[in-house]
Amino acid sequence: MALRVQTLAELEVLCNHLYEGTDLAQRMQAEKVLLELIDSPECLSQCQLLLEQGTTSYAQLLAATCLSKLVSRASPLPVEQRIDIRNYILNYVASQPKLAPFVIQALVQVIAKITKLGWFEVLKDQLIFRDIIADVKKFLQGTVDHYIIGVMILSELTQEMNLVDYSRPSAKHRKIATSFRDTSLKEILMLACSLLKELLAKPLTLQDQQQQSLAMQLLKLVLNCLNFDFIGNSADESADDLCTVQIPTNWRTIFLEPETLDLFFDLYHSLPPMLSQLALSCLVQFASTRRSLFSNPERAKYLGNLIKGVKQILENPQGLSDPGNYHEFCRFLARLKTNYQLGELVMVKDYPEVIQLIANFTITSLQHWEFAPNSVHYLLTLWQRMVASVPFVKTAEPHLLDTYAPEITKAYITSRLECVPVVIRDGLEDPLDDTATVFQQLEQLCTVSRCEYEKTCTLLVQLFDQNAQNYQKLLHSSSRNPLEITVQEGRLAWLVYFVGTFVGGRLTYTSTDEHDAMDGELSCRVFQLISLMDAQLPQSSNEKVELAILWFLDQFRKTYVGDQLQHTSKVYARMSEVLGITDDNHVLETFMTKIVTNLKYRGRCEPVISRTLQFLNDLSVGYSLLKKLVKIEAVKFMLQNHTSKHFPFLGISDNYSLSDLRCRTVFYTALTRLLMVDLGEDEDEFENFMLPLTVSFESVTQIFNSSFEQEEAKRMLIGLARDLRGIAFALNTKTSYTMLFDWIYPAYISVLQRAIELWYREPACTTPILKLMAEFMQNRSQRLNFDVSSPNGILLFREASKMICTYDTIVSSSCCASLDYIVTYLFKHLAKEGKKTLRCREISQDGQRLLHFMQQNPEILQQMMSILMNTIIFEDCRNQWSVSRPLLGLILLNEKYFSELRATLITSQPDNKREVLDHCFRNLMEGVEQNLLVKNRDRFTQNMSVFRRDMAEALRSEGASDPGSLDMMS
């Protein structure tokens, strides 16, 4: 029953509980009462009471929140009432401009919602909610506080008009937004710009809070105007680099005036950082204006003004020391290249000076590697797109990228090498650990590096040789300083990443034979480093270097290995001289040797094993490569020796977490693809390949037949399930799949069934087994089309069904036991709430939370009772005892709802059956008392067994309605 709130004191106590209270129960009770207040006919009068006589800001905030929810309801208030609310709030904020900012914001939001939702409403032949700008202009004639409120109203209205409410028809939203755009948005933008000009014309006092607040609200208003979804495409905000602002054509005059851009550049230079970054955000949108708004001469002039502003900022860079300004300026630079072509940029008068300033700014930013990596992304985007555009520039004007792009690449490389000793010695966060950011930046850098590639390669060769020599000296030094070795390995990791990146960049840029020869020069050094690192095994290994090497190998594979390779490629010329690697066959041998080495010696390093197996998996996709791979000795070794003795990661030691076993699926998928190349119908070859798994299954069977070590058996089965899933995934022919079926059925599939029964509570065990069965049932490439005379299809279906039913029954019983525990707890405390015993008062906080939640949401227990009743009456319920235990508690807690269910079922049947069904329900509760004692539960379980049998017979008999139509949840 709802509490009746009338007095101001009661309301303010509820506000304190809601916004400041620490007691959970009090806060939830306050929420409940206040939700009831919104639906109460007294809501408006109570809100008025809070606004006019409330002594705290929270009381006013509550009133604004209630009004917001009230005016947003699906069934709107009468037009006259909404007009009264709007006018009341306008007068209220006008008479009290010193309210707390969050209260004003909440009240302004109510005005915006009323205006938007009533945009097309007519009263006495007038669109009565469209005179908002006229109302705002009255505020602009008052004090500074009134001025700020007026701007806030326009800003909130613009934002509200742009906000999609998915609970309402999208077509209606678009209609309102379009009308607002066409009738009011331009006027609002022009008003905001003129007010900013007035503000800028006065002497700015940085200590004047009112002046700062006004500037902030005006800039937010402009930004909301420019961020408006003009054409209804609801652009993905995360796609920042692809954004174009679709400015309406009738706004051209605003954008053609040079004073518009000058205004915002001047504001940037004049305002403190918190405000100047808003000015830059506006400039980002101005730079993103759609190209088609201008003619070619107009666009050139507009771009010239943008570039002039960039030059001014970079010549006076003090403001860029603020992180917010720095980030927005980087976005601004990136948008210039997104929206304008390199051919247009080079034609700008100040281009040579500006490109030099931008280059110096980028180099300085890269040297401060610890500062704002998210902002650096935009700078690298700018240079990546500039360099990518070079082949398409037709003008005679020099683009100067051949001068500056190598400097950018050099700055990135040297800054990352210089960061290594600082990171290690000071214990800072290593940029290499954030692989997502590193890979994104390297992808951008690979394009930049290909501009004047000779300079980049010369630098990288020099740095690689220098660091590799230092590393070798440290290894052979008698003192062997571990810290210095770690620093040198960190530098080598970065250098290997750079080589992989630049080699991979061949695919993104026009390449020449000379460039391929340089790739060979760089690649030689990495292959030599691989030999040096592997020679130290198993005594020492560096994870970061190994991951970098795998990155390089994958980039080399994509670029120089496979069908796309030109066998005359110069990349192998230098590699042949130094390493004896003459073609991609030799490279594949090196790849496989490295893979086997990693799997043998780095089994405890999950990241390296996972990346190595992914590399192996990528190599195994594609028939032409597979034909070459199976001839390699390392591959033959893997096919014949895939055991934990040779590859420790296949073991079941406690040193490995269960999640580490996931990589085994990838391993066996790749291995089985290699096996399939020459397998044909050779069953003996398949049996030999499966021998390690056969031994493991036999071991599990023996463990099951004795007093077994559960943990060991469980780990073995998890590993086997993952192995077999990988094998099954790769067997895409009917012949090979049949070999696997004959191997696993019947002996080993029964072991999996047993595991499901034993460890049904442990997803770490059941999930791999169920995923294996799902893969086993996949009819990929028609592999399940057994011969007509073969029973395999039926056997497979039977085993899968058996496993699903077993798991379902066991899990259902477990769920019922959990539900029974909850229901019993609720019955003890909820059904006997009136008895205020000491024990009841000592309920834990979690218990209070559960009781309160169930009181607020009784339909949850009712739905559960419906599900269990449906299961008993209409389904093949195999765990009646388990279902009966929670069902009794649910019935006792919801006797009224149980009576309704009973009546619904009985009335849905023909008249001649109703008495029989009523008798069944009476017998169900015959002798059952109002408690959950074991004796009473057993009585109910016996009754339920008879009830289920009698109900099934009654519903099956002639004249009964279709049981499918009796779903109690409907």
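As the structure is a prediction and not an experimental result, all values here were calculated from the model. (Residues numbered from 1 in each chain as written. Predicted model: local features only at pLDDT ≥ 70, side-chain atom pairs only at ≥ 80, totals over all residues. Heavy atoms only, no water.)

Peer 1: Explanation requested: the overall build of the chain in the structure shown.
Peer 2: Regarding its fold elements, the chain presents 43 helices and two strands. Taken along the three principal axes of its C-alpha coordinates, the chain extends 95 × 95 × 60 Å. For the chain, with 970 residues in total, the buried portion stands at 51%. When the accessible area of the chain is evaluated, it comes to approximately 45200 Å², of which 51% is carbon and sulfur surface. Taken as two groups, the 96 positive and 113 negative side-chain charges of the chain have centres that lie 2 Å from each other. (Helix = DSSP H or I, 4+ residues; strand = E, 2+ residues; numbered from the N terminus. Buried < 20%, exposed > 50% of the residue type's maximum accessible area, 1.4 Å probe, protein only. Areas by Shrake-Rupley, 256 points an atom, 1.4 Å probe, with all protein chains shown as cover. Lys, Arg positive; Asp, Glu negative; His and termini not counted. Charge placed at Lys NZ, Arg CZ, Asp CG, Glu CD.)

Peer 1: Help me understand the packing of helix H29 (residues 633-640) against helix H30 (residues 663-679) in this model?
Peer 2: A pair of packed helices is captured by two measures, namely the crossing angle of their axes and the spacing between those axes. Across the interface, H29 lies against H30 with an axial gap of 10 Å and an inter-helix angle of 110°. One finds that H29 runs roughly perpendicular with respect to H30. Remark: the crossing between H29 and H30 carries left-handed chirality. Taken together, the residues of H30 that come into contact with H29 (itself represented by Val-635, Met-638 and Leu-639) are Phe-667, Leu-671, Leu-674 and Leu-675. Across the contact of H29 with H30, the residue classes tally to seven nonpolar, no polar and no charged. (Axes fitted to C-alpha atoms, helices over the stretch in contact; angles between N-to-C directions. Parallel < 35°, antiparallel > 145°, perpendicular 65-115°, else oblique. Left-handed = near helix turned anticlockwise from the far one by under 90°. Contact = heavy atoms within 4.5 Å. Nonpolar A, V, L, I, M, F, W, Y, C, P; charged D, E, K, R; others polar.)

Peer 1: What am I meant to see in the packing of aromatic side chains here?
Peer 2: Each pair of aromatic rings is reported with the distance of its centres and the angle of its planes. Enumeration over the complete set of coordinates arrives at 42 aromatic pairs. Seen from their ring centres, Phe-697 and Trp-743 are 5.7 Å apart, and the 65° between their planes marks the pair as edge-to-face. Of this pair, Phe-697 sits in helix H31 (residues 683-704) while Trp-743 sits in helix H33 (residues 734-744), and the two are 46 residues apart along the sequence. Judged on exposure class, the residue Phe-697 and its partner Trp-743 are both buried. Where Phe-741 meets Phe-776, the ring centres are 6.3 Å apart and the plane angle is 15°; that geometry is what we call stacked. Taken as a pair, Phe-741 in helix H33 and Phe-776 in helix H35 (residues 763-776) lie far apart in primary sequence, 35 residues in all. Note on accessibility: Phe-741 and Phe-776 belong to one class, buried. Taken together, Phe-637, Phe-647, Phe-649, Phe-667, Tyr-668 and Phe-689 form an aromatic cluster joined through their ring pairs. When the ring centre of Phe-120 is taken as reference, the NZ or CZ atom of Lys-175 above it lies at 4.9 Å. (Phe/Tyr/Trp six-rings, centres within 6.5 Å; stacked < 30°, edge-to-face > 60°. Lys NZ or Arg CZ within 6 Å of the ring centre and 35° of its normal.)

Peer 1: Any chance you could explain helix H10 (residues 209-226) here in plain terms?
Peer 2: Spacing of three or four residues puts side chains on the same side of an α-helix, whose turn is 3.6 residues. Relative to the 26 Å expected for 18 residues at 1.5 Å per residue, H10 spans 26 Å between its end C-alpha atoms, a close match to the ideal helical length. Within H10, 14 of the 18 residues are buried, which leaves it mostly tucked inside the rest of the structure. (Expected span 1.5 Å × (residues − 1).)

Peer 1: Would you mind showing me how to read the pattern of salt bridges here?
Peer 2: Two side chains carrying opposite charge are able to pair once their charged atoms lie near each other. This model, assessed by the stated rule, comprises 44 salt bridges. For Asp-262, the salt bridge identified is with Lys-308, shortest N-O distance 4.0 Å. With Asp-262 in helix H12 (residues 258-270) and Lys-308 in helix H14 (residues 296-315), this pair connects stretches of sequence that are 46 residues apart. The exposure class of Asp-262 is partly exposed, given its relative accessible area of 25%. (Salt bridge = Lys/Arg side-chain N within 4 Å of Asp/Glu carboxyl O.)

Peer 1: Explanation requested: unusual backbone geometry in the structure shown.
Peer 2: Residue Pro-538 is reached from Leu-537 by a cis peptide bond, and omega for that bond is -5°. Positionally, Pro-538 belongs in the loop between helix H23 (513-534) and helix H24 (543-560). Residue Tyr-745 is joined to Pro-746 through a cis peptide bond whose omega torsion reads 0°. Locating Pro-746 in the fold gives a position in the loop between H33 and helix H34 (747-758). Despite not being glycine, Leu-400 has its phi angle at roughly 65°, a positive value. Turning to its location among the elements, Leu-400 is positioned in the loop between helix H18 (373-388) and helix H19 (401-426). For Leu-400, a relative accessible area of 22% corresponds to the partly exposed category. Positive phi, close to 60°, is recorded for Gln-782, a residue that is not glycine. Residue placement: Gln-782 occurs in the loop between H35 and helix H36 (792-829).

Peer 1: Can you walk me through the nonpolar core in this structure?
Peer 2: Within soluble globular proteins, side chains that are nonpolar tend to cluster in buried spots. Membership of the largest hydrophobic core comes to 289 residues, with the highest contact counts inside it found for Phe-264, Phe-556 and Phe-667. Contacts of Phe-264, omitting those with residues within four sequence positions, involve Cys-193, Leu-196, Leu-219, Val-222, Ala-279, Cys-282, Leu-283 and Phe-286. The next biggest cluster of nonpolar side chains, apart from the first, holds 37 residues, and it includes Met-869, Cys-877, Leu-905 and Leu-932. (Core = buried A, V, L, I, M, F, W, Y, C linked by side-chain atoms within 4.5 Å.)

Peer 1: Mind showing me how you'd approach a negative patch on the surface here?
Peer 2: Together, Asp-678, Glu-681, Asp-682, Glu-683, Asp-684, Glu-685, Glu-687 and Asp-742 make up a negatively charged patch on the protein surface. Per element, the largest residue contribution to the negative patch is four residues, and it comes from H31. The residue Asp-682 is located in the loop between H30 and H31 in this model. (Patch = residues over 30% accessible without salt bridge, like charges linked within 9 Å, V, L, I, M, F, W, Y side chains within 5 Å.)

Peer 1: How should I be thinking about the side chain of Thr-381 in this particular structure?
Peer 2: With respect to the secondary-structure elements, Thr-381 resides in helix H18. Taking relative accessible area as the criterion, Thr-381 reaches 4% and is therefore assigned buried.

Peer 1: Help me understand the packing of H34 against H35, please; the structure alone is not making it clear to me.
Peer 2: Between H34 and H35, the shortest axis-to-axis distance is 10 Å and the interhelical angle comes to 140°. Considering the angle they form, H34 stands oblique to H35. Considering the relative orientation of H34 and H35, their crossing is left-handed. Contacts between H34 and H35 involve Ile-749, Leu-752, Ala-755 and Ile-756 from the first element and Thr-766, Ile-769, Leu-770, Leu-772 and Met-773 from the second.

Peer 1: Honestly, the environment of Ile-756 in this entry has me stumped. Any pointers?
Peer 2: Structurally, Ile-756 is set in helix H34. Along the backbone, Ile-756 and Leu-770 are 14 residues apart, and their C-alpha atoms lie at a distance of 8.8 Å. Contact partners of Ile-756, with chain neighbours within four places excluded, come to Thr-766, Ile-769, Leu-770, Met-803, Tyr-807 and Ile-810.

Peer 1: When you look at the side chain of Arg-602 in this model, what are you seeing that I'm missing?
Peer 2: Assignment of secondary structure puts Arg-602 in the loop between helix H26 (584-601) and helix H27 (606-619). Looking at Arg-602, the relative accessible area reads 3%, which means it is buried. Polar contacts involving the side chain of Arg-602 include one to the side chain of Ser-541, which spans 2.8 Å. Within polar-contact distance, the side chain of Arg-602 engages the side chain of Glu-546 at 2.7 Å. If sequence neighbours within four positions are ignored, Arg-602 has contacts with Met-533, Asp-534, Leu-537, Ser-541, Glu-546, Lys-594, Thr-597, Val-608 and Ile-609. (Polar contact = N/O pair within 3.5 Å; in protein donor to acceptor, adjacent residues only side chain to side chain.)

Peer 1: I tried to follow the environment of Met-190 on my own but got confused; where do I start?
Peer 2: Assignment of secondary structure puts Met-190 in helix H9 (residues 170-201). As a C-alpha pair, Met-190 and Met-676 span 486 residues in sequence and 71 Å in three-dimensional space.

Peer 1: It is not clear to me how the confidence of the model for the chain should be interpreted in this structure. Could you clarify?
Peer 2: Considering every residue of the chain, the mean pLDDT works out to 86; 93% of them sit at 70 or more. Confidence, read as mean pLDDT per element, is least for helix H37 (residues 838-841) in the chain (46) and greatest for helix H17 (residues 351-367) (95). (pLDDT = per-residue confidence, 0-100.)

Peer 1: Would you take a moment to explain the environment of Thr-665 for this structure?
Peer 2: As for its placement among the helices and strands, Thr-665 is situated in helix H30. Measuring from C-alpha to C-alpha, the distance between Thr-665 and Arg-722 comes to 5.0 Å, with 57 residues separating the pair along the chain. Those residues in contact with Thr-665 that sit more than four places away from it in its chain are Arg-722, Arg-725 and Gly-726.

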